Amino acid sequence: MSQYDEGHTLAGWIGVAVATVGCSVLGAGICIHSAALIVAGLAVTVASVLVTWTLHLTGWGKPSGIRPRDQWGMRVRDLSALEGHPDCWGCRLAGRGRGRGRRTADSEAPVGAAAPVGGAAGEREPVAVGAER
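Only a predicted model underlies this, so the values are computations on that prediction, with no experimental measurement involved. Sequence order sets the numbering: in each chain, residues are counted from 1 along the sequence as written. Totals for whole chains, interfaces and linings use all residues, but because this is a predicted model, local features are given only for residues with pLDDT of at least 70 and pairs of side-chain atoms are given and counted only at 80 or more. By convention in this description, side-chain values take in all heavy atoms of the structure and omit both hydrogens and water.

Engineer: If you had to explain unusual backbone geometry to someone new, which residues and values would you point to?
Structural biologist: Of note, His33 is a non-glycine position whose phi angle comes to about 55°, a positive value. Helical segments are the DSSP runs of H or I of at least four residues, strand segments are the runs of E of at least two, and each set is numbered from the N terminus. The topology assignment puts His33 in the loop between α1 (10-31) and α2 (35-60).

Engineer: Provide a residue-level description of α1, including the pertinent values.
Structural biologist: Working rule for helices: expected span equals 1.5 Å times residues minus one. With 22 residues, α1 should cover 32 Å at 1.5 Å per step; its first-to-last C-alpha distance of 32 Å lies within 8% of that length. Only protein chains enter the area calculation, which uses a 1.4 Å probe; residues under 20% of their type maximum are buried, those over 50% are exposed, and those in between are partly exposed. Listed in full, the buried residues belonging to α1 are Ala11, Gly15, Gly22, Leu26 and Gly29. Across the axial projection of α1, the buried residues extend over an arc of 55°, all falling on one side. Exposed and facing more than 90 degrees away from the buried side of α1 are Val16 and Cys31. For this quantity, the arc is that covered by the directions from the helix axis to the C-beta atoms.

Engineer: Explain the packing of α1 against α2 residue by residue, including any values.
Structural biologist: Angles run from 0 to 180 degrees between N-to-C directions of axes, and those axes are lines fitted to C-alpha atoms, restricted for helices to the stretch in contact. Two elements in contact, α1 and α2, have axes whose closest approach is 7 Å; the angle formed by their N-to-C orientations is 175°. By the criterion of interaxial angle, the relationship of α1 to α2 is roughly antiparallel. Nonpolar residues are Ala, Val, Leu, Ile, Met, Phe, Trp, Tyr, Cys and Pro. Charged residues are Asp, Glu, Lys and Arg, and all others, Gly as well, are polar. Grouping the amino acids of the contact of α1 with α2 by side-chain chemistry returns 19 nonpolar, eight polar and no charged. Angular relationships are summarised with four words: roughly parallel below 35 degrees, roughly antiparallel beyond 145, roughly perpendicular across 65 to 115, and oblique for the angles in between.

Engineer: Explain α2 to me, and be specific about the residues and the numbers.
Structural biologist: A turn of α-helix holds 3.6 residues, and therefore any two residues three or four places apart point the same way. Within the span of α2, buried status applies to Gly41, Ser48, Leu55, His56, Leu57 and Gly59. In this analysis, two residues are considered to be in contact whenever any of their non-hydrogen atoms come within 4.5 Å of each other. Contacts from the buried residues of α2 go to α1 and α3 (89-93).

Engineer: If you had to explain the side chain of Asp78 to someone new, which residues and values would you point to?
Structural biologist: Following the sequence through the fold, Asp78 ends up in the loop between α2 and α3. Other than its neighbours up to four places away in sequence, Asp78 contacts Gly59, Gly61, Lys62, Pro63 and His85.

Have a look at this one:
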């Protein structure tokens with residue numbers, strides 16, 4: 001068994017369920033040569049992306065990486081999503097997180113200043129699965 005929840009979230013499960021319905025309708029439309037079912041299946045599949053993204057932004061998705069054990073449950077809402085997850089393109093598309101005019105300590109450094117020790121800002125050190133920190 002893994003040492004963390006592997007990202008199982010309400011947003012993920014609902015998104016996959018809606019996408020499954022969309023792909024099933026699309027497949028049925030292809031099998032019976034129905035343009036209406038093909039269009040409906042494509043629409044539901046696209047809607048699954050929007051549903052998942054909306055749920056993620058409202059806190060029912062979680063950031064990537066290892067989380068504390070008390071945040072493993074699917075019923076635990078991630079309130080940090082309101083500010084935006086670091087390195088999350090979904091949050092950035094919504095105008096949250098780094099890269100949208102927010103000033104951080106790293107962005108205030110003068111041009112030509114040395115990078116912080118330990119790599120670039122936001123860069124994580126790779127850790128082997130099961131390794132102790």
